[in-house]
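Understanding the architecture of this molecule
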Amino acid sequence: MSGAAPVGHPTLRLLLIAPSALLTDHRAHGDGLVAFGFVRELAARGHELHVLAGNVDLRDPLPAGVHLYEDDGAGHGSAARLRFMRRLRAVYRRLQRTSAPDLIHQLTPVEVGVSLALPRTRIPLVLGPYVPDWPPSGPGADARVSPVALRAKRALRA
C-alpha cells in the first residue's frame, strides 16, 4: 500500500486507547493482536495514529504515521486503571496543543471508566468493539458463577 488514504476518504488523526493487558504483533494474546490489527490497518489507510497502550511487545517496527505512548502497564485493579487514565489525559492534552484528534477510539476490552479521563469534547468517541466475557467452563464452572449472576450480567450488558 502507498500509505495514502483511499480516494474520496480524508486522512484522519486518531487517538487509539488500548487498555488491554498487552499490545502485540506476535504473541499469543487475542486482545493484543486484535488491537495491533486495528493499528496496522488504520495506518495502511494513511491515517495518523496516536496509540496509548499499557504493556507493549512488538517484534516489528511501527508502521509509518503511528506514534506510541506507553504506560508502564504495571499492576492491576483500580490503582493501575487510575494511572492509565492520568496518562491518557496527559497524552490528550499534548495532542490538543498541536492538533486535536478527529476521532478517539477506545479499543477492546472497553475498560469501565477509562474514557472518563478525557475532557468533555465534541470529538467523537468510539468504544469497542465490545466482546462479552466467555461463559465459565471447565471443572467446577457452574459452582463459580451462579445462573442468577450470569443473567444479571447479560441484562446489564443489554
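To keep things clear, this report deals only with the structure shown in the data block. (Residues numbered from 1 in each chain as written. Predicted model: local features only at pLDDT ≥ 70, side-chain atom pairs only at ≥ 80, totals over all residues. Heavy atoms only, no water.)

For helix 1 (residues 30-44), built from 15 residues, the straight-helix expectation of 21 Å at 1.5 Å per residue is met to within 8% by its first-to-last C-alpha distance of 21 Å. Taken together, the buried positions of helix 1 are Gly32, Ala35, Phe36, Gly37, Val39, Leu42 and Ala43. Looking at the buried side of helix 1, the elements it contacts are strand 1 (13-18), strand 2 (23-24), strand 3 (48-53) and strand 5 (66-70). (Helix = DSSP H or I, 4+ residues; strand = E, 2+ residues; numbered from the N terminus. Expected span 1.5 Å × (residues − 1). Buried < 20%, exposed > 50% of the residue type's maximum accessible area, 1.4 Å probe, protein only. Contact = heavy atoms within 4.5 Å.)

Moving on to the pattern of salt bridges. On inspection of all chains with the given rule, the structure shows five salt bridges. A salt bridge links Glu48 to Arg13; the shortest N-O distance between them is 3.3 Å. Here Glu48, found in strand 3, pairs with Arg13, found in strand 1; they are 35 residues apart in sequence, far enough to count as distant. Overall, the relative accessible area of 28% leaves Glu48 in the partly exposed class. Looking at Arg13, the relative accessible area reads 12%, which means it is buried. Across the pair Asp57 and Arg27 runs a salt bridge whose closest N-O atoms are separated by 3.2 Å. A residue pair is termed long-range when its members are at least 10 positions apart, and Asp57 in strand 4 (residues 56-57) and Arg27 in the loop between strand 2 and helix 1 qualify at 30 residues. Asp57 sits in the partly exposed class, given a relative accessible area of 24%. By sharing partners, the salt bridges in this structure join Arg40, Glu41 and Arg45 into a single network. (Salt bridge = Lys/Arg side-chain N within 4 Å of Asp/Glu carboxyl O.)

Take Asp71: it is sitting in the loop between strand 5 and helix 2 (78-98). Setting aside anything within four residues of it in sequence, one finds Asp71 in contact with Leu52, Ala53, Gly54, Arg83, Phe84 and Arg87.

Looking now at helix 2. The end-to-end C-alpha separation of helix 2 is 31 Å, in line with the 30 Å expected for 21 residues at 1.5 Å each. Restricting attention to buried positions, one finds in helix 2 the residues Ala80, Phe84, Met85, Leu88, Val91, Tyr92 and Leu95. All buried residues of helix 2 lie within an arc of 135° about the axis, which places them on one face of the element. Facing away from the buried side of helix 2 by over 90 degrees, the exposed positions are Ala79, Arg86 and Arg97. Against the buried residues of helix 2 lie strand 1, strand 3, strand 5 and strand 6 (103-106). (Arc of directions from axis to C-beta.)

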